[in-house]
Number of protein chains: 2
Amino acid sequence: MSGVDGLSLRELARDAGVSHGAPRRHFKDKRALLDALAVEGFTRLDAVLARANGEGGRFADRLSDVAIAYVRFATGHPALLELMFSSKHELDASAELKTAANACFARLEDLVRSGQASGELAAADLQQVGTIVFASLQGITALVNTEMAGDADLDALTVSTVRALLYGLAPRS
Amino acid sequence: MSGVDGLSLRELARDAGVSHGAPRRHFKDKRALLDALAVEGFTRLDAVLARANGEGGRFADRLSDVAIAYVRFATGHPALLELMFSSKHELDASAELKTAANACFARLEDLVRSGQASGELAAADLQQVGTIVFASLQGITALVNTEMAGDADLDALTVSTVRALLYGLAPRS
DNA sequence: ACCTGAACACCGTTCAAGT
DNA sequence: ACCTGAACACCGTTCAAGT
């Protein structure tokens, strides 16, 4: 049973000591409940990213800090992260969910923009650079959450990835 | 209903015009069936990667070709990919499944090794570089499969990501 | 060897009925 | 307003019985 579908409304009701029909009063659907959890997840993630993003300092350091915070959160709550992103891409995702998710992405995009403004990032399409950076973080998350990468050296892997993205894996000379 | 759990054995049996108990003769479990599908997926992916990896040519081009092939496959069969990686990380994944999966990763690792050997990649820990490269590809996959990145410019995104990994996003001068 | 079909213990969802 | 509990249509799994 994969993380999301392992959650049963009836079991939840049982644990709460209430009848299986009761949750219906609070959540119209199973997915309404899942959506609410996903919104909560994005809100918490946004707070985590905000805290990690020290306004001062070199861009490379701020990016590293945010990346570490993101990857720690994402690998620390694998089921929640899966829920957040699988809920978000449902065709009829709630406006609230989209708003919460976009706040997180905007935060990353702002960071990239500031790097371009200060010249620490080469001028390039903001969207595309943002996507590349975010994809790298999500990729680390995916590898760790499917146990293809150990989480022992998690921060080191994150920092190496950020470094590779900034300075390249090819010899620089 | 997420991709993997959307598949019902009873529905499968119905579609095959057979009783719901019949699949039991061929697959002991629902997961035994899913594992068999995952193995098939890795085998097909391995063939795709082998075909993409032209032995001659510059490393950067070969990496681009393999990356494009991987991302196309992964985003072209989202449910299969989710199944492949979620099955693989089950604690009691079959030896057959692990073997099929490892063949794909070894192929990527070989490519990285050849880049280091030719000097087109800086000397560094093979495992870590392999992980960074693979994470990037899996990250693109995750973004596209959760509809956070469009698949219109999929190859362009892949090529840009490979370029960023090789040469960096920071100004090079 | 392979399939059938009833049985069991679970789901999510709906809805009349209670308080 | 909120909860209950039966009902319905689904699951996966098991198992005696058929061919």
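Heads up: the structure comes first, above all this text.
Overview of the structure. Note that the structure is predicted; figures quoted are calculated from it, not measured. (Residues numbered from 1 in each chain as written. Chains lettered and ligands numbered in written order. Predicted model: local features only at pLDDT ≥ 70, side-chain atom pairs only at ≥ 80, totals over all residues. Heavy atoms only, no water.)

### Brief notes about the protein's contact with DNA strand D
Then step 1. DNA strand D sits among 17 residues. The nearest are Ser19(A), His20(A), Leu9(B), Arg10(B) and Arg14(B).
Then step 2. In the interface set of DNA strand D, defined as its atoms within 4 Å of the protein, sugar plus phosphate atoms amount to 53%.
Then step 3. Measuring from a phosphate oxygen of DNA strand D, one finds a backbone N or O atom of Ser19(A) at 2.6 Å.
Then step 4. Contacts to DNA strand D include Arg24(B), whose side-chain N or O atom sits 3.1 Å from a phosphate oxygen.
Then step 5. Ranked by the residues each element gives to the surface near DNA strand D, the list is headed by helix α1 (residues 9-15) of chain B, at three residues.
Then step 6. Of the residues in the surface near DNA strand D, the class split is four nonpolar, six polar and seven charged. (Near = heavy atom within 4 Å. Polar contact = N/O pair within 3.5 Å; in protein donor to acceptor, adjacent residues only side chain to side chain. Helix = DSSP H or I, 4+ residues; strand = E, 2+ residues; numbered from the N terminus. Nonpolar A, V, L, I, M, F, W, Y, C, P; charged D, E, K, R; others polar.)

### Comments concerning the relation of the copies chain A and chain B
Then step 1. Placing chain A over chain B gives an RMSD of 0.0 Å and needs a rotation angle of 180°, together with 0.0 Å of translation along the axis. Here the copies are linked by what is in effect a two-fold axis.
Then step 2. In this assembly, 100% of the residues forming the interface of chain A have copies in chain B that are likewise at the interface, indicating an isologous arrangement. (Least-squares fit on C-alpha atoms with pLDDT ≥ 70 in both. Contact = heavy atoms within 4.5 Å.)

### Observations concerning the protein's contact with DNA strand C
Then step 1. Around DNA strand C, the structure places 17 residues, and the nearest of them are Leu9(A), Arg10(A), Arg14(A), Ser19(B) and His20(B).
Then step 2. Sugar plus phosphate, as a fraction of atoms of DNA strand C within 4 Å of the protein: 54%.
Then step 3. Separating a phosphate oxygen of DNA strand C from a side-chain N or O atom of Arg14(A) is a distance of 2.5 Å.
Then step 4. Taking Asp29(A), its side chain carries an N or O atom lying 3.1 Å from a phosphate oxygen of DNA strand C.
Then step 5. With three residues, helix α1 (residues 9-15) of chain A is the single largest residue contributor to the surface near DNA strand C.
Then step 6. Broken down by class, the residue content of the surface near DNA strand C amounts to four nonpolar, six polar and seven charged.

### A short note on helix α5 (residues 95-117) of chain B
Residue and element names in this part refer to chain B.
Then step 1. For α5, with 23 residues, the first-to-last C-alpha span of 31 Å sits near the 33 Å given by 1.5 Å per residue.
Then step 2. Of all the positions in α5, only Leu-97, Ala-100, Ala-101, Cys-104, Phe-105, Leu-108, Leu-111, Val-112 and Gly-115 are classed as buried.
Then step 3. Of the residues trailing α5, Gly-119 is marked for its positive phi of about 85°. (Expected span 1.5 Å × (residues − 1). Buried < 20%, exposed > 50% of the residue type's maximum accessible area, 1.4 Å probe, protein only.)

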